[in-house]
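# A structural walkthrough
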Amino acid sequence: MISLEAVDELRRITPAADAIEIGGAVTYTDALPYLDRHFPSFGALVRRIGSRQIRNLGTIAGNLATASPIGDTIPCLIALDATVTLASRSGQRMLPVESFVTGYRESGLAAGEVIAAIRIPLLAAGQDFAAYKVCKRFDQDISTVVAAFRLERPGGKVAELRAAFGGLAARALRARSVEGAVKGRPWAPAWLADIDALLARDFTPIADHRGGAAYRLRAAAGLLRRFQLETSLAEPMRVEAL
Ligand SMILES: Cc1cc2nc3c(=O)[nH]c(=O)nc-3n(C[C@H](O)[C@H](O)[C@H](O)COP(=O)(O)OP(=O)(O)OC[C@H]3O[C@@H](n4cnc5c(N)ncnc54)[C@H](O)[C@@H]3O)c2cc1C
C-alpha cells in the first residue's frame, strides 16, 4: 500500500486565471477556502462530507477514484466540466471527469497511474452553479441523491445546462434529456414541467434503505426546480437561508 499523503507535489492548489487545479493529495479541508471563494455551494456540500476528521484526511481525488455512485464531489466536478490529470512513469494524460468515471466504482485509472490533479474551470460571467445533497441526516450521512447544476442563460434563455446527478444510476451521470429539453428555452418553471418524465427516461435508480426509485427521481426533479427558483429570485439565495 502506498500513501500519497506526504507527496508535496500532489498537495498543491494552483489558482489560475480561468481555473483552479487541486492536487491529488489535497484534503477537503485544504481545498475548502478555494471552493468557498469560487463555488460556495460546492464548499457547503464538502462541509457535509463525513466529519471534520474525515475531511482533514480525505481528498477530492480519493472521492473521485472511488467512483462511488453517491460520491458527493463527482456530480459537482462533472457539472463544472472538470478534468483530471493522470500521471504515471510513462507520462501524463488528461481526461474529463465525466469520462473518467466509467461504471459502478470503476474508473479510467490505468495500472500505475495516480490522479495528479483535478482542474476545475472557474465560472464565467453569467454562469450559475449550485450543488445539493439529499440524505437522511443533514450532517455526516451518505447521500441518497446528490445533484449539481451549472447554468448559462444569456438574455434569459438557456444556452447550456449541465445537470449531473449521483444516486440515480450505477455512476454519476448527466441528465441528457433534461439538458436537451431546456436548451434554447426561457429559464422558467414552465420548461421544467416535464422533467419528471425526462429524468425517468435518463435514469433507472436502484431502491435501497436510503430511498426507493420513485423517491430518488422525485427528489432529483425537486432539486432542479429548486435550482430554477433560487437562480430566478431578484436576490439570489439558497432556500435554507430563508
Ligand atoms: C466515516 C466516513 C464518512 C464518509 N462520508 C462521506 C460522505 O459524506 N460523502 C462522500 O462522498 N464520501 C464519504 N466518505 C468516503 C470518503 O470520505 C471519500 O471517498 C474520500 O474522499 C476518500 O478520500 P481518501 O483520500 O481518504 O481516499 P482513500 O480512502 O485513501 O482511497 C480511496 C480510493 O481512491 C484511491 N486514490 C486515492 N487518492 C488517489 C489518487 N490521487 N490517485 C489515484 N487513486 C487514488 C485509493 O487507491 C483507493 O482506491 C466517508 C468515509 C468515511 C470513512
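Residues numbered from 1 in each chain as written. Predicted model: local features only at pLDDT ≥ 70, side-chain atom pairs only at ≥ 80, totals over all residues. Heavy atoms only, no water.

### Some details on helix α1 (residues 28-38)
Filter applied, for reference: Think of it in three bands: with a 1.4 Å probe and only protein chains considered, a residue is buried below 20% of the maximum accessible area for its type, exposed above 50%, and partly exposed in between. Numbering of helices and strands runs from the N terminus; a helix is a DSSP stretch of H or I covering at least four residues, while a strand is a stretch of E covering at least two. Comment: arc refers to directions from the helix axis out to C-beta atoms.
Looking at α1, one finds that the buried residues are Tyr28, Ala31, Leu32 and Leu35. Viewed end-on, α1 has its buried residues packed into an arc of 125°, placing them on one side of the element.

### Description of the domain arrangement of the chain
For the record, the criterion: By convention here, the domain bounds are inherited from an automatic or database domain assignment. Contact between two residues is taken to exist if any of their heavy atoms lie within 4.5 Å; hydrogens are not considered. Accessible area, probed at 1.4 Å, shrinks when two parts are joined; the buried area is that loss added up over both. One speaks of a salt bridge when a side-chain nitrogen belonging to Lys or Arg is within 4 Å of a carboxyl oxygen belonging to Asp or Glu. Throughout this description, a polar contact denotes any pair of N or O atoms lying within 3.5 Å of each other; where both atoms belong to protein, one of them has to be capable of donating a hydrogen while the other can accept it, and for residues adjacent in sequence the pair is counted only when both atoms sit in side chains.
Partitioning the chain into structural domains gives domain 1 (11-121) and domain 2 (127-235). Each of domain 1 and domain 2 has a C-alpha centre, and these two points are 21 Å apart. The partner domain 2 presents 30 residues to the 24 residues of domain 1 that form the contact. Taken over both partners, the interface formed by domain 1 and domain 2 buries close to 2200 Å², and the fraction arising from carbon and sulfur atoms is 58%. For domain 1, the biggest contributors to the area lost against domain 2 are Arg48, Ile70 and Ala79; these three give 31% of the whole. Counting across the interface, domain 1 meets domain 2 through five salt bridges. Between Glu98 and Arg174 there is a salt bridge; the shortest N-O distance is 3.2 Å. In this structure, the connection of domain 1 to domain 2 is made through twelve residue pairs in polar contact (both at pLDDT 80 or more). At the level of elements, α2 (40-46), α5 (73-79) and β5 (101-103) are the ones that each hand at least two residues to the side of domain 1 that touches domain 2.

### Some points on the sheet that holds strand β10 (residues 160-166)
Here is the rule: We treat two strands as partners when DSSP finds at least two bridges between them.
Taken in spatial order, the four strands of this open sheet run β8-β9-β10-β11, and their pairing is antiparallel. Only two strands of the sheet have a single partner each, and these edge strands are β8 (127-134) and β11 (173-174). Pairing between β8 and strand β9 (residues 145-152): eight bridges, direction antiparallel. In the strand pairing of β9, Ala130 is matched with Phe149.

### Some points on the side chain of Thr27
Tracing the chain through its elements places Thr27 in the loop between β2 (19-23) and α1. Residue classification places Thr27 among the buried positions, given a relative accessible area of 6%. Among the polar contacts listed, one links the side chain of Thr27 to the backbone nitrogen of Asp30, at a separation of 3.1 Å. Ignoring anything within four residues of it in the chain, the contact list for Thr27 reads Arg11, Arg55, Asn56, Leu57, Gly58 and Thr59.

### Remarks on the environment of Ala6
The residue Ala6 is located in the segment before β1 (13-15) in this model. By relative accessible area, Ala6 is classed as exposed at 70%. As a C-alpha pair, Ala6 and Gly211 span 205 residues in sequence and 39 Å in three-dimensional space.

### Observations concerning a nonpolar patch on the surface
Which entries qualify depends on this criterion: Each patch is built from residues that are more than 30% exposed by relative accessible area and take part in no salt bridge. Like charges join if they lie within 9 Å; nonpolar side chains (Val, Leu, Ile, Met, Phe, Trp, Tyr) join within 5 Å. Using the Shrake-Rupley algorithm and a 1.4 Å probe, accessible areas are obtained, with residue cover drawn only from the displayed protein chains.
Residues Leu229, Leu233, Met237 and Val239 make up a contiguous nonpolar surface patch of roughly 290 Å² in combined accessible area. Along the chain, the position of Leu229 falls in helix α9 (residues 213-230). On the basis of relative accessibility, which here comes to 44%, the residue Leu229 falls in the partly exposed class.

### A closer look at the pairing of strand β3 (residues 83-88)
Along β3, five of the six residues are buried, which leaves the element largely enclosed by surrounding structure. Inspection of the sheet shows β3 paired to strand β4 (residues 91-96) by six bridges, in the antiparallel sense. Counted as the bridge partner of Thr83 is Pro96 from β4. Counted along the chain from β3 to the antiparallel partner β4, the turn is two residues long. When β3 meets strand β7 (residues 114-121), the two strands line up antiparallel, connected through five bridges. Opposite Ala87, over in β7, you have Val114 as the bridge partner.

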